[in-house]
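In case you want the letters, here they are:
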Amino acid sequence: MLRSHRNVSSTKRALIKELSEANVSPCQQMSVFELQSGGLEHVGFLQKDLYNVERDRKKLLAGHDLNMLYEHFMIEQEKNAGFTFTIDTNDEGRMTHCFWVDATARMSYQFFGDVVVFDTTYNTNRYSLIFAPILGVNHHRQTTLFGCAFFSDETTASFEWLFRVWLKAMPAGPPKMIITDQDPAMTKAIAVVMPDTHHRFCIWHIVNKFSEKLGAMSYRDHFDEFKSCIWNSETPEQFEYGWQQVVVKSDLVANDWLQNIYTIRDKWVPAYMKHIFSAHMTSSQRAESTHAFFKKYVSPQNSLLDFVTRFERALAHLRHNEMKKDHNDLNEKPRLKTLYPMETSISELYTHEMFYQFQEQLFQSMAYKVMIRNEDDYYYVYNVERLKGGGLRVREILVEKSSNHVSCSCKMFECDGISCRHMLAYFIRLQVEDFPSEYILSRWMKSTKTM
């Protein structure tokens, strides 16, 4: 087709813009125009013209991207006073840091900000700025957003800037726990800005490095033993004893990497954190899967404004899924498995997702027996173990006489916020009908966002 015969009308330019914003490739766009026009020969332009249209649009916006982003944020703030943002620039007027958060994210933090996952990602915009969403988990065990940031480097100063600005925007104080990778600059910043927050390293990243750090033969012969030690140790003492046994057996006493991760064991080994609530999260994989989800909507060619508007569209999809879950929980009843009154009461309080977690523990509790082991002036101590044919591990239930407070050696309630099968077996033995309120977490309730 001769250049003089090719023309992209204003109507088609508008459609091209919309398709591009939906991440539809030029090849797929041509297919749309081909169907719309009744054949490729009737489209009136070539695929390379689509690239030219995008090139011309970028030229038009060149040098104005930061101003347009600022104007976009100002418009959002005018629409909703709960929206807030901060932009920092250098002496040359280039953006170095940017943080933004809307009212919905701030409200989510108020209810679900006890545990936060933080991880950075790349290749989301044409300026190679680092993108950092701050994430958590809601009462449906879905990912929820607590704010977003761009910054130009991963220095301690940049992380400190972000955490201070973020906490200032949040309606509640620092989280109880933050889960990140082992970035040294990030670790220093968290210690300075959130000294009382427990900083947990992503266990998935560490365990995945064993194949690289141990060598092929050692990994083949001993990785399962290391893994069992990491996941099955219930106390720091059990872990330390088991770890030394495996290290000596595998002849890896001199392995520098193993020595280093052992030194920081209290930041990644579950046995050291069972007493701290983590919403059943042990890694930053939630952040990485969220990055993958958002990258379906954005591309490295995006301008800052393009990125933000596309990100907002992706975020709307996440929030729509949460609304669907909220609706289902209010209008549908979960299936019950037992006749225990406590199952009925929890089914009425918890979201379906969390109720089914509780229900599974309740169902499993019927396979356990509870026997008193010891009693003194202050405590009852019970052993809880599987009936004949089950596992050999015995859990310990401790009951304070003064308060009737119940705790289990497995620490599932403290860590995940769901009563374990061992505690439930004890409650069944006592024929408890009204489930004690101290073991019901408001963050898992259907009504938590209205409380």
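This structure is a prediction, so every number in the text was calculated from the model and none was measured. (Residues numbered from 1 in each chain as written. Predicted model: local features only at pLDDT ≥ 70, side-chain atom pairs only at ≥ 80, totals over all residues. Heavy atoms only, no water.)

Caption draft 1: Expanded view of the layout of surface pockets. As a volume, the largest pocket reaches approximately 600 Å³. Around the largest pocket, the lining comprises 28 residues; the ones closest to its centre are E234, K274, R395, C410 and M412. Only α10 (216–232), α16 (352–365), α17 (412–416) and α18 (421–429) provide two or more residues apiece to the lining of the largest pocket. Here the lining of the largest pocket is composed, by residue class, of nine nonpolar, nine polar and ten charged. (1 Å grid on protein atoms, 1.4 Å probe; cavity = no way out; pocket = protein on both sides within 12 Å on 5 of 7 lines; lining within 4 Å. Points joined across faces, edges and corners; volume = space filled by probe spheres on them. Helix = DSSP H or I, 4+ residues; strand = E, 2+ residues; numbered from the N terminus. Nonpolar A, V, L, I, M, F, W, Y, C, P; charged D, E, K, R; others polar.)

Caption draft 2: Structural context of the packing of helix α4 (residues 65–79) against helix α14 (residues 304–331). Close contact between α4 and α14 brings their axes to 8 Å; oriented N to C, the two are set at 35°. Here D65, M68, L69, H72, F73 and E76 of α4 lie close against α14, whose contacting residues are L304, L305, V308, T309 and E312. Counted by class, the contact of α4 with α14 contains six nonpolar, two polar and three charged residues. (Axes fitted to C-alpha atoms, helices over the stretch in contact; angles between N-to-C directions. Contact = heavy atoms within 4.5 Å.)

Caption draft 3: Broad picture of the side chain of K274. Checked against the element boundaries, K274 lands in the loop between α12 (256–263) and α13 (285–294). One buried charged residue, K274, forms no salt bridge at all, with the nearest opposite charge on E234 at 5.5 Å. For K274, the residues in contact, after removing those within four places along its chain, are S233, E234, C410, K411, E414 and C415. (Buried < 20%, exposed > 50% of the residue type's maximum accessible area, 1.4 Å probe, protein only. Lys, Arg positive; Asp, Glu negative; His and termini not counted. Salt bridge = Lys/Arg side-chain N within 4 Å of Asp/Glu carboxyl O.)

Caption draft 4: Quick look at helix α6 (residues 156–169). With 14 residues, α6 ought to run about 20 Å at 1.5 Å a step, and its terminal C-alpha atoms sit 20 Å apart, in line with that. Listing the buried residues of α6 in full gives S158, F159, W161, L162, F163, V165, W166, L167 and A169. (Expected span 1.5 Å × (residues − 1).)

Caption draft 5: Representation of the state of the cysteines within the structure. Inspection of every chain in the model, using the stated rule, returns zero disulfides. C420 supplies the cysteine sulfur nearest to C410, a cysteine that is in no disulfide, at a spacing of 3.6 Å. (Disulfide = S-S within 2.5 Å.)

Caption draft 6: Representation of the nonpolar core within the structure. The biggest cluster of nonpolar side chains holds 40 residues, and the ones touching the most others in it are Y350, I397, M423, F427 and F435. Considering each element in turn, this core owes the most residues, five residues, to α18. Excluding residues within four positions of it along the chain, I397 makes contact with Y380, V381, Y382, V384, V406, S407, C408, H422, M423 and Y426. Membership of the second largest hydrophobic core comes to 30 residues, among which are F99, A105, V165 and I178. (Core = buried A, V, L, I, M, F, W, Y, C linked by side-chain atoms within 4.5 Å.)

Caption draft 7: Structural view of helix α7 (residues 184–193). For α7, the full list of buried residues reads A185, M186, A189, I190 and V193. Down the axis of α7, the sector holding all buried residues measures 130°, keeping them to one side. In α7, the exposed positions angled more than 90 degrees off the buried face are occupied by P184 and K188. Measuring from the side-chain oxygen of the N-cap residue of α7 to the backbone nitrogen of A185 gives 3.0 Å; that N-cap residue is D183. (Arc of directions from axis to C-beta. Polar contact = N/O pair within 3.5 Å; in protein donor to acceptor, adjacent residues only side chain to side chain.)

Caption draft 8: Seen up close, the packing of aromatic side chains. Using the criterion set out here, one finds 41 aromatic pairs in the structure. With centroids separated by 5.1 Å and ring planes inclined at 55°, the aromatic side chains of F150 and F307 adopt a geometry described as tilted. Within this pair, whereas F150 is found in strand β5 (residues 143–151), its partner F307 is found in helix α14, the two being separated by 157 residues in sequence. For F150, a relative accessible area of 0% corresponds to the buried category. Grouped by ring-pair contacts, the aromatic residues F210, Y219, F223, F226, F239, W243, W257, Y262, W268 and Y272 constitute a single cluster. R265 extends its terminal NZ or CZ atom over the ring of Y262, reaching a point 4.1 Å from the ring centre. (Phe/Tyr/Trp six-rings, centres within 6.5 Å; stacked < 30°, edge-to-face > 60°. Lys NZ or Arg CZ within 6 Å of the ring centre and 35° of its normal.)

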